[in-house]
Amino acid sequence: MSLTASVPRHEVRAVVTGNSAELSVLGNQETLTADTYVDVRKKIMSRVMKLASGLGSNVHLTVHDQDGQWRLIAGADGELHDPDPTTAADPVAAAPADAPTAPSDPTLTHAAPIEAPPVATVIPLPTHSTPTEPTEPSKRARRSEQPPVSEPVPDAEDASAAGEEPAVPRALRASFIVDERREPAAANGWRGVLARTTGLQVPASEAELGRRGHVQAVSQHWPGPRKISVVNGKGGVGKTLTTAMLTAVFARHGGAGVLAWDNNDTRGTLGWRTEKGPHDATVQDLLPATGQLLSTSSQISDLARYVHHQTGDKYDVLRSNPELLATKQRITQDDFDALHSVAAKYFRLVFFDSGNDESAPRWLRMIDHTDQLVVATTALGESAESGALLLEALHERDEYSAALARNAVVVVLQSERSGTLAEAQRIADGFSGIARAAVTIPFDRALHGGALRYDSVSTTTQNAWLAAGAAVADGL
């Protein structure tokens, strides 16, 4: 029978109270004090890093403080690491008898925000399993996936038969370019405090890594313009605020060239709820100028006469005129195509705030030009039912519209303070089978009436809209 020596696990436990900490270092008691709570944390990290370096092995740190409990591993390589996910998920082992215990009712002052769990949940929804011919969006995506066709390489026998010396294969050489990119240190919560105050490479939390992934998704640029239509046949379900918030997410993170277009015959309110430029131009003023704007002599600055720039959220708005009757601002399909050509020439992303009349020529032509469909709805049953019926109708319209419906993203708004996210989640789950993803947005008073500005909503709401934007980006 062979015996295998087990590697000892070096542990340090700390209980932080105010500006002091009681440590159990490999079973020995120590006390650390400092002038501030943050300095105590720095001393703990310094003590553990020196211990790991001296032992030449990892040291597992568990800290109980005013923010709860957290764990890190100080490596002998001088880096900080997250505990193994399977280990981190287990309850904390009972502390040995000589380990310090947390005070029963400490009076503590918070020095850093506690990391909150993510509120927005992007739910990939199962789609129809019926095989269909690839539509234009999927064909376009697949073209870039085709592997390059390589020429056949003659073998040694062919070379000998031709009287040529067989080619000697060249050994592969390692590249001198080394990819040393590393995930940046934590910036939020207690991890961010440690990273900023100690200079250590503290790993980011899962929530922070998820947010970084969302930011990266909405920050990218695609070849050619992309058009996103926000739809629901029922009024008052949040189409306008969904358009404004999604447009702001992509413009703030990805840069200029983003347009919000109020494609509404019947008193569209996007212009009322966004910043007005130094003029009163609407889509009706732009229409006669499309020919000139499509000429080679036109410049992007010429478009400033017709769109309204949002100085805070960095996108532009093409307004409708809510003061006119619908009969006074009808747009034909040819008119829409001309306006669309201008938008596609000057903007990389176009978000359509659609009207409620699904039979209008401009609404139908909008669908024909759409790359990604977004269904906006509140957590009320009638709003969600209207959105679901619209997706089902698009399934029956034609194959291109059916593909848009299957790839749709549903944004469910918790429209009332008295409502709950659980109710919104129930609505989101109900779109399983007819849409690609569903995202819930918490109630935020800043979204109910008045100007729509991304920086006016809470951080939790901003992160929810960021998650919604990432879901949209996945379909572009």
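See above for the structure.
Engineer: Report on the overall build of the protein chain, specifying residues and quantitative values.
Structural biologist: Along its length, the protein chain carries 15 helices and 15 strands. Counting over 476 residues, the protein chain shows a buried share of 46%. Long-range contacts, defined as pairs at least 24 residues apart, comprise 73% of the intrachain contacts of the protein chain with a sequence gap of at least 6. Accessible area for the protein chain stands at about 24600 Å²; split by element, carbon and sulfur atoms hold 53% of it.

Engineer: Just give me the short version of the packing of helix 10 (residues 333-346) against helix 11 (residues 361-369), but keep the residues and values in it.
Structural biologist: Viewed as axis vectors pointing N to C, helix 10 and helix 11 meet at an angle of 45°, and their least axial separation amounts to 9 Å. What the angle tells us is that helix 10 and helix 11 run oblique. Crossing of helix 10 over helix 11 shows right-handed handedness. Along its contact with helix 10, which presents Gln333, Phe336, Asp337 and His340, the element helix 11 presents Pro361, Arg362, Arg365, Met366 and His369. A breakdown of the residues in the contact of helix 10 with helix 11 according to their chemical character gives 3 nonpolar, 3 polar and 3 charged.

Engineer: Quick one: what's the story with the pairing of strand 2 (residues 20-25), residue by residue and with numbers?
Structural biologist: Each regular strand shows side chains that alternate between the opposite faces of the sheet. As paired elements, strand 1 (residues 10-17) and strand 2 share 6 bridges and run antiparallel to each other. When the bridges of strand 2 are listed, threonine 17 appears paired with serine 20. Strand direction decides the pairing type here: strand 2 and strand 3 (residues 28-33), joined by 6 bridges, are antiparallel. When the sheet's bridge partners are listed, alanine 21 is paired in strand 3 with leucine 32. From the end of strand 2 to the start of strand 3, which pair antiparallel, there are 2 residues, and leucine 26 there has a positive phi angle of about 55°.

Engineer: Please give an account of the sheet that holds strand 5 (residues 68-74) that cites residues and values.
Structural biologist: Strand order in the open sheet made by the 6 strands is 3-2-1-4-5-6, with mixed pairing throughout. Two strands lie at the open edges of the sheet, namely strand 3 and strand 6 (80-81), each paired on one side alone. Examined bridge by bridge, strand 5 and strand 6 share 2 bridges and lie antiparallel to one another. Bridging from a neighbouring strand, alanine 74 pairs with leucine 80 of strand 6. Packed onto the sheet, helix 1 (residues 37-55) meets strand 1, strand 2, strand 3, strand 4 (59-65), strand 5 and strand 6 and runs at close to 165° relative to strand 4.

Engineer: Would you mind going over the packing of helix 6 (residues 206-219) against helix 15 (residues 459-473) in detail, with residue names and values included?
Structural biologist: Running from N to C, helix 6 and helix 15 cross one another at 50°; their axes reach a closest spacing of 8 Å. Between helix 6 and helix 15, the interaxial angle falls into the category oblique. Crossing geometry of helix 6 relative to helix 15 is assigned as left-handed. Across the interface between the two elements, Arg211, His214, Val215, Ala217 and Val218 from helix 6 touch Asn463, Leu466, Ala467, Gly469, Ala470 and Ala473 from helix 15. Tallied by class, the residues present in the contact of helix 6 with helix 15 amount to 7 nonpolar, 3 polar and 1 charged.

Here is what the cut-offs are and how they apply
Residues numbered from 1 in each chain as written. Predicted model: local features only at pLDDT ≥ 70, side-chain atom pairs only at ≥ 80, totals over all residues. Heavy atoms only, no water. Helix = DSSP H or I, 4+ residues; strand = E, 2+ residues; numbered from the N terminus. Buried < 20%, exposed > 50% of the residue type's maximum accessible area, 1.4 Å probe, protein only. Contact = heavy atoms within 4.5 Å. Areas by Shrake-Rupley, 256 points an atom, 1.4 Å probe, with all protein chains shown as cover. Axes fitted to C-alpha atoms, helices over the stretch in contact; angles between N-to-C directions. Parallel < 35°, antiparallel > 145°, perpendicular 65-115°, else oblique. Left-handed = near helix turned anticlockwise from the far one by under 90°. Nonpolar A, V, L, I, M, F, W, Y, C, P; charged D, E, K, R; others polar. Pairing = 2+ DSSP bridges.

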